[in-house]
Amino acid sequence: MTVKESLALPCFKDAKLLTKKVNTTKKVVSGISVLENTEKLDVQKTQFEKDELVLSSFFVSWDVKIQKKMIKEFAEVRIAALLVTASPGEEIASGILSFAEMLGVPIYDLKGKSSKDYANMIYEVTRKLKDDESFENRLITNTIFHLLDFEKHTNFQAAVRQAAIKNNFQLILLSEDFNPIFTVETQHNATIEDAIKLAIERGKEIEKSGIYTMIDVNGVLTYWGPVSIGGKKQYMFIVDNEESYSAAEITKLAEILELAMGMWKYTPERDLNGEFVKAMRRGNITLAYSLKEEAGFADYKVAGVFTVSGDNKEKYNKFFAHFEEQTDLKIIRTVDEEETAGIILTKEDRMKAGAENILLEMFENSGREYIYHVSGLENPESAVAGFKMINETSGFAGYVFPKKKIFSKFEMAVVSNCIEISMQGGAVKQNYLNLVASLRLSKELKDRQLFETMTTYMLDAALNIPDTAKLLDVHHNTVQYRIKRMRDILGVDITDGRVSPSLMIAVALSRMENVLKGFK
């Protein structure tokens with residue numbers, strides 16, 4: 001029973017919600033208790049239970065500090081609502097109401113009611129809860145009946161499908177990366193994709209919640225919570241088709257379903273999405289083609305690949321869900337320890353320029369973690385090559401471009417060339433290093449400043465003088481002067497498009513060599 005349903009009982013006729021900003025539509029009621037008048041603050045929050053309605057006639061007579069302290073304790077316990085039976089002419093201070101609104105504690109004014117009416121209120125609420133409990137028992141009993149019908153059903157999937165049909169709920173199991181692994185759909189009022197997007201946005205709440213978290217998906221009530229299947233963490237997603245059950249009832253249902261999985265020795269189906277990503281990253285083209293079709297992506301083309309460092313799964317689930325919402329692209333991914341790897345799929349021959357620009361913009365604004373992405377791909381072969389580039393360069397890209405966190409195929413191409421040149425050694429490597437040797441190896445402070453300016457200008461500031469000045473914390477005229485001095489010493493204009501590519505490799509290789517010397 002919800003707070004809204006409770007306040008519709010005859011005993012609460014004319015009750016007025018004072019905290020207008022608190023939504024009570026889906027707040028659940030588990031019981032009712034009384035907090036009577038008291039001279040001292042001897043009331044402890046341990047006296048109350050979560051989701052209880054609290055009746056009180058004392059509240060208006062307390063001073064503001066004590067009132068706020070009690071509101072805070074009510075919020076910590078997460079009571080369902082505070083029902084105030086005020087004396088005629090007494091009102092609760094507006095400051096208390098705004099404080100309660102901020103903490104999400106509903107306060108109702110029970111006009112014309114007093115402590116003499118408590119018995120009737122408790123009776124009606126308790127009777128209503130008892131009636132609901134008998135309905136809940138039918139739900140649980142009927143579900144257990146189907147889940148334990150070993151003669152009729154051959155596996156857990158068949159048993160739970162029948163239980164869902166008979167009890168008007170839906171069930172979806174998802175991997176830790178929110179990839180569906182088993183579904184029982186008995187209605188189609190809301191798509192799985194819509195539900196997953198909202199669940200991703202509230203991932204942290206789902207993780208911490210003691211009961212299943214209720215999420216409204218386009219008017220359909222859904223409940224989410226973590227579940228352990230075969231020792232692996234998954235997510236269970238239950239849809240209440242007709243809004244018949246409370247969160248507590250859904251929690252009990254989820255516990256029964258989890259127990260049934262163990263009894264049936266249910267093993268989730270393969271995570272084809274995750275296997276597809278891993279096959280691409282390992283370079284297994286044959287397996288990748290097979291999994292692409294098996295996972296239902298036969299009509300899709302590979303548009304890009306990426307990896308994201310860090311274990312902030314919730315943040316990047318939201319990040320990619322938002323990206324999918326803005327484009328017609330599909331993103332599949334897998335999490336391995338502290339890294340997310342993924343593939344971007346499209347039904348177009350090539351990813352549209354607008355979508356690619358959105359991707360680049362979202363990556364650039366994503367945060368502090370390291371991101372490597374290769375876009376503009378065409379097929380699994382090019383995706384494998386993209387992952388190979390990421391795998392080979394991710395260990396060095398941060399050293400060559402220390403000011404960057406986001407690396408596209410262009411930065412990685414520079415790093416890849418430097419790695420190849422460094423490994424080959426010999427004349428090719430020496431030729432590049434000799435291009436800047438007069439500045440790099442000089443013991444003069446002015447020459448070392450020139451080399452630092454060249455490196456910053458070439459690698460960190462994208463050949464932009466104002467950005468170079470900002471990074472070096474000098475005036476832009478100083479940067480222009482130093483570039484002129486480099487031209488005098490090297491005999492070439494470093495801003496010349498015919499010269500800058502070679503010099504960029506030279507300074508990048510110099511940075512990499514310094515790192516490698518440190519390793520040795």
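Structure's up top.
First, a word on what this report is: a plain description of the structure on this page. The structure presented is a predicted model; accordingly, all values stated were derived computationally and were not measured.

**What to know about the overall build of the chain**
Secondary structure summary: the chain contains 21 helices and 15 strands in total. A buried classification covers 48% of the 520 residues belonging to the chain. Across the chain, the fraction of contacts at a sequence separation of at least 24, relative to all contacts at a separation of at least 6, is 66%. For the chain, the accessible surface area stands at approximately 26,400 Å², while carbon and sulfur atoms represent 49% of it.

**Here we look at the pairing of strand β11 (residues 301-309)**
Looking along a regular strand, one sees side chains alternate from face to face of the sheet. Most of β11 is tucked away: seven of the nine residues are buried. Note that β11 and strand β13 (residues 339-346) share eight bridges and pair antiparallel. The residue of β13 that forms the bridge with F306 is G342. Sheet topology places β11 next to strand β14 (residues 371-375); five bridges connect them, and they run antiparallel. By the bridge assignment, V305 is partnered in β14 with V374.

**Comments concerning the packing of aromatic side chains**
Applying the stated criterion across every chain, the model contains eight aromatic pairs. With 6.0 Å between their ring centres and 55° between their planes, F182 and Y266 make a pair best called tilted. Placement of the pair is F182 in strand β7 (residues 180-184) and Y266 in the loop between α8 (247-264) and α9 (272-282), with a sequence separation of 84 residues. Residue classification places F182 among the buried residues on the basis of a relative accessible area of 5%. Connected via pairs of aromatic rings, a cluster forms that spans F156, F182 and Y266.

**Section: the packing of helix α19 (residues 465-472) against helix α20 (residues 476-490)**
Between α19 and α20, whose axes approach to 8 Å, the crossing angle comes to 110°. As the angle between them shows, α19 and α20 are arranged roughly perpendicular. Residues I465, T468, A469 and L472 of α19 pack against H476, V479, Q480, R482 and I483 of α20. For the contact of α19 with α20, a count of residues per class yields five nonpolar, three polar and one charged.

**A word on the sheet that holds strand β6 (residues 169-174)**
If you walk across this open sheet you meet the five strands as β7-β6-β10-β9-β8, and the pairing is antiparallel. Only two strands of the sheet have a single partner each, and these edge strands are β7 and β8 (213-217). With strand direction ignored, the average angle separating the axes of adjacent strands in the sheet is 25°. Summarising the sheet, strand β9 (residues 220-229) and strand β10 (residues 232-240) pair through nine bridges and their orientation is antiparallel.

**Remarks on unusual backbone geometry**
Look at D51: it is not a glycine, yet its phi comes out positive at around 70°. In this structure, D51 sits in the loop between β2 (31-35) and β3 (52-56). The backbone of A462 shows a phi angle near 55°, a positive value even though the residue is not glycine.

**Some points on a nonpolar patch on the surface**
Taken together, the side chains of L148, F150 and M263 make up a nonpolar region of the molecular surface, amounting to roughly 290 Å² of accessible area. Residue placement: F150 occurs in the loop between α4 (118-147) and α5 (156-167). Owing to a relative accessible area of 44%, F150 belongs among the partly exposed residues under this scheme.

**Describing the side chain of R482**
By the element assignment, R482 lies in helix α20. Although buried, R482 forms no salt bridge, and the nearest oppositely charged side chain, E452, lies 5.7 Å from it. Polar side-chain contacts of R482 include one of 3.0 Å to the side chain of T453. In this view, R482 contacts Q449, L450, T453, L472 and V474; residues no more than four positions away in its chain are not counted.

**Some words on α8**
Between its terminal C-alpha atoms α8 stretches 26 Å, which fits the 26 Å expected from 18 residues at 1.5 Å a residue. Restricting attention to buried positions, one finds in α8 the residues A247, E249, I250, T251, L253, A254, I256, L257, A260, M261 and W264.

**Section: the pattern of salt bridges**
Taken as a whole and judged by the stated rule, the model has six salt bridges. Where D460 meets R511, a salt bridge forms, and the shortest distance between an N and an O atom there is 2.8 Å. Of this pair, D460 sits in helix α18 (residues 445-460) while R511 sits in helix α21 (residues 500-519), and the two are 51 residues apart along the sequence. Among the salt bridges present, the one from D488 reaches K484, with a minimum N-O distance of 3.8 Å. Placement of the pair is D488 and K484 together in helix α20, with a separation of four residues, close to one helical turn.

About the thresholds
Residues numbered from 1 in each chain as written. Predicted model: local features only at pLDDT ≥ 70, side-chain atom pairs only at ≥ 80, totals over all residues. Heavy atoms only, no water. Helix = DSSP H or I, 4+ residues; strand = E, 2+ residues; numbered from the N terminus. Buried < 20%, exposed > 50% of the residue type's maximum accessible area, 1.4 Å probe, protein only. Contact = heavy atoms within 4.5 Å. Areas by Shrake-Rupley, 256 points an atom, 1.4 Å probe, with all protein chains shown as cover. Pairing = 2+ DSSP bridges. Phe/Tyr/Trp six-rings, centres within 6.5 Å; stacked < 30°, edge-to-face > 60°. Axes fitted to C-alpha atoms, helices over the stretch in contact; angles between N-to-C directions. Parallel < 35°, antiparallel > 145°, perpendicular 65-115°, else oblique. Nonpolar A, V, L, I, M, F, W, Y, C, P; charged D, E, K, R; others polar. Patch = residues over 30% accessible without salt bridge, like charges linked within 9 Å, V, L, I, M, F, W, Y side chains within 5 Å. Salt bridge = Lys/Arg side-chain N within 4 Å of Asp/Glu carboxyl O. Lys, Arg positive; Asp, Glu negative; His and termini not counted. Polar contact = N/O pair within 3.5 Å; in protein donor to acceptor, adjacent residues only side chain to side chain. Expected span 1.5 Å × (residues − 1).

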